[in-house]
Amino acid sequence: MGAASPAMWAGLVLVALLAASGPAAAAAGLPRFAEAPEYRNGEGCPAPVAGAGVCDPGLVHIAMTLDAHYLRGSMAAIYSLLKHASCPESLFFHFLAAEGGGAPAVADLRAAVAASFPSLRFEIYPFRADAVAGLISASVRAALEAPLNYARNHLADLLPRCVPRAIYLDSDVLAVDDVRRLWETRLPAAAVVAAPEYCHANFSRYFTEAFWNDPVLGARVFAGRRRAPCYFNTGVMVIDLRRWRVGNYRQRIERWMEMQKEKRIYELGSLPPFLLVFAGEIEAVDHRWNQHGLGGDNVFGSCRPLHNGPVSLMHWSGKGKPWDRLDAGQPCPLDHTWRSYDLYIGENESLSASGPSRSALSSSAAW
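Note that the structure is predicted; figures quoted are calculated from it, not measured.

So, how was this worked out
Residues numbered from 1 in each chain as written. Predicted model: local features only at pLDDT ≥ 70, side-chain atom pairs only at ≥ 80, totals over all residues. Heavy atoms only, no water. Disulfide = S-S within 2.5 Å. Helix = DSSP H or I, 4+ residues; strand = E, 2+ residues; numbered from the N terminus. Buried < 20%, exposed > 50% of the residue type's maximum accessible area, 1.4 Å probe, protein only. Phe/Tyr/Trp six-rings, centres within 6.5 Å; stacked < 30°, edge-to-face > 60°. Lys NZ or Arg CZ within 6 Å of the ring centre and 35° of its normal. Pairing = 2+ DSSP bridges. Right-handed = clockwise from strand over helix to strand, strands pointing away. Axes fitted to C-alpha atoms, helices over the stretch in contact; angles between N-to-C directions. Parallel < 35°, antiparallel > 145°, perpendicular 65-115°, else oblique. Left-handed = near helix turned anticlockwise from the far one by under 90°. Contact = heavy atoms within 4.5 Å.

A.B. asks: Any chance you could explain the state of the cysteines here in plain terms?
C.D. replies: Throughout this description, disulfide means a covalent bond between two cysteine sulfur atoms. Enumeration according to the criterion identifies four disulfides in this entry. One disulfide in the model links cysteine 45 with cysteine 87; its S-S distance is 2.1 Å. Of note, the bridge from cysteine 45 to cysteine 87 carries an S-S torsion of about -95° and is left-handed in sense. A residue pair is termed long-range when its members are at least 10 positions apart, and cysteine 45 in the loop between β1 (32-33) and β2 (60-66) and cysteine 87 in the loop between α2 (71-84) and β3 (91-99) qualify at 42 residues. Here cysteine 45 and cysteine 87 have matching classes, each one buried. Disulfide pairing places cysteine 199 opposite cysteine 230 at an S-S distance of 2.0 Å. Taking the sign of the torsion about the S-S bond as the criterion, the disulfide between cysteine 199 and cysteine 230, at about 105°, is right-handed. Of this pair, cysteine 199 sits in the loop between β8 (197-198) and α6 (209-213) while cysteine 230 sits in the loop between α6 and β9 (231-232), and the two are 31 residues apart along the sequence. Accessibility expressed as a relative area gives 9% for cysteine 230, which makes it buried.

A.B. asks: Explain the packing of aromatic side chains here, please?
C.D. replies: Here the distance between the centres and the angle between the planes together describe a pair of aromatic rings. For the coordinates displayed, the defined rule picks out 22 aromatic pairs. Measuring from ring centre to ring centre gives 5.7 Å for phenylalanine 93 and phenylalanine 95, while their planes differ by 15°; the resulting arrangement is stacked. On the basis of relative accessibility, which here comes to 0%, the residue phenylalanine 95 falls in the buried class. Taken together, the ring pairs connect Phe203, Phe207, Phe211, Trp212 and Phe222 into an aromatic cluster. The ring of tryptophan 183 has arginine 165 sitting right over it, with the charged end atom 5.8 Å from the ring centre. It is arginine 252 that lies over the ring of tyrosine 249; its NZ or CZ is 4.3 Å from the centre.

A.B. asks: I tried to follow the pairing of strand β4 (residues 121-128) on my own but got confused; where do I start?
C.D. replies: Looking down a regular strand, the side chains alternate between one sheet face and the other. Across eight bridges, the pairing between β3 and β4 is parallel. Bridge pairing links phenylalanine 95 to isoleucine 124 in β4. Read from β3 through helix α3 (residues 106-116) to β4, the crossover connection turns out right-handed.

A.B. asks: Sorry, what's going on with the packing of helix α8 (residues 249-262) against helix α9 (residues 271-278) here?
C.D. replies: The relative placement of two packed helices comes down to the angle between their axes together with the axis-to-axis distance. For the pair α8 and α9, the least separation of the axes is 9 Å and the interaxial angle reads 120°. Judged by the inter-axis angle, α8 sits oblique to α9. Crossing hand, α8 versus α9: right-handed. Contact residues: Tyr249, Arg252, Ile253, Trp256 and Met257 in α8; Pro273, Phe274, Leu276, Val277 and Phe278 in α9.

A.B. asks: Teacher, can you tell me more about the environment of cysteine 45 here?
C.D. replies: Cysteine 45 gets classed as buried once you look at its relative accessible area, which sits at 17%. With sequence-adjacent residues up to four places away left out, cysteine 45 is seen in contact with Ser86 and Cys87.

Scope: geometric values only; no functional claims are made or implied.
If you want it as C-alpha cells, here you go:
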C-alpha cells in the first residue's frame, strides 16, 4: 500500500478531532473546537523550577474570562498567543468563569480548553455574580452589564499570592507578536497598571454632564495625578497584583460604582470606574499592543480599519465580533485574519467542508 497523501492525513486528523471533541462538547452544551497545533519553547527560554508550579518566576501570567458566547473568541486568542510566543510553554493562563445562573460548569470549560490545548498550563477560577450584582448599573449595551465584565476587578483576590503581575486580555483579541514583550513592560513605583493611552480621544464623553458639573466631582477628581487624564481601554492591561492589593484598588473602583447607583455619572459599563481610579496614573504602553475598536461602536458594530502604525495585538472591542459577523456572512476585511485562528467546528460542518477550523489547523495564518 502506498504512502498516505497529505489530503488523506488531513482527513484522518479531522476524524480524530471530531471524535474527541464532539461528544464532550455537545454534552456540555458548548461549541466544538479542533485541537490546536502544539508549540514548544525556543532557545533561551527560562528553565522551569522543579515543584514551583504556578509560582515559577519564569512564567508569563495571562488572565482572561471564559463564558459560552465568548468562548470561541477566547480559544482563538489563546491559539494566537501560543503561536507567536517565543516561549509558549512558559505561558500560564488564569481563566475567570461565571459560576451559577446557567453558566457552563467549570469542569466542562476545563475539558473544552484541555481538548484543544492538551499541554496548556492553566487554572479556572469560579466567579460568583453576586460579588458585583448589586453594584452594576444599566449601560448603553446589555452585554456590558454582564457580571463577568467586572471579574477583572477581582484578579488580585482570585489569583495565587505568588503571582506578581498579570496581563489581562479581553476575549476578542488576537496576538500577532510575542506577548513576553508586553509582559516585560516596566512599571515604575508609582504605577499599578500599564496600558496603551489614547490622549486624542474626547475624555469628557465617558462621563455625564452631572459628573462634570458637580462641584466636588468633575476635574477635581483628576487633580494632582501623574499626568493629565487620558482614555485607555481596559481590554489590554498589565497589572501589578501586589501593588493592587496594597492599594485596595478593587474597593476604590467599587466606591465609584456605588456612587453611580446614587447619581448617574457615566454610561458605559465597567470602563468608567477604571478611568476614575487610574486615568492619569497608568504607565503608557505602545499603541501596537491594543489596536482596538475593530468591532465598531457599541451600537452598530460597523467595520473599522487598523490604526496607523505597527500591530502586535488586534482587538475587536465594540459591538461587532468577528465570529458573529463571519457566521452571518457579513464579515469585515479584518475578520478574515481572525478566522485563520478560529478553532470552531460548526454544527453541520462535514469533513469535506473548508470551514474556519480547517484554516486554523494550517500553517498559513495571515500573521
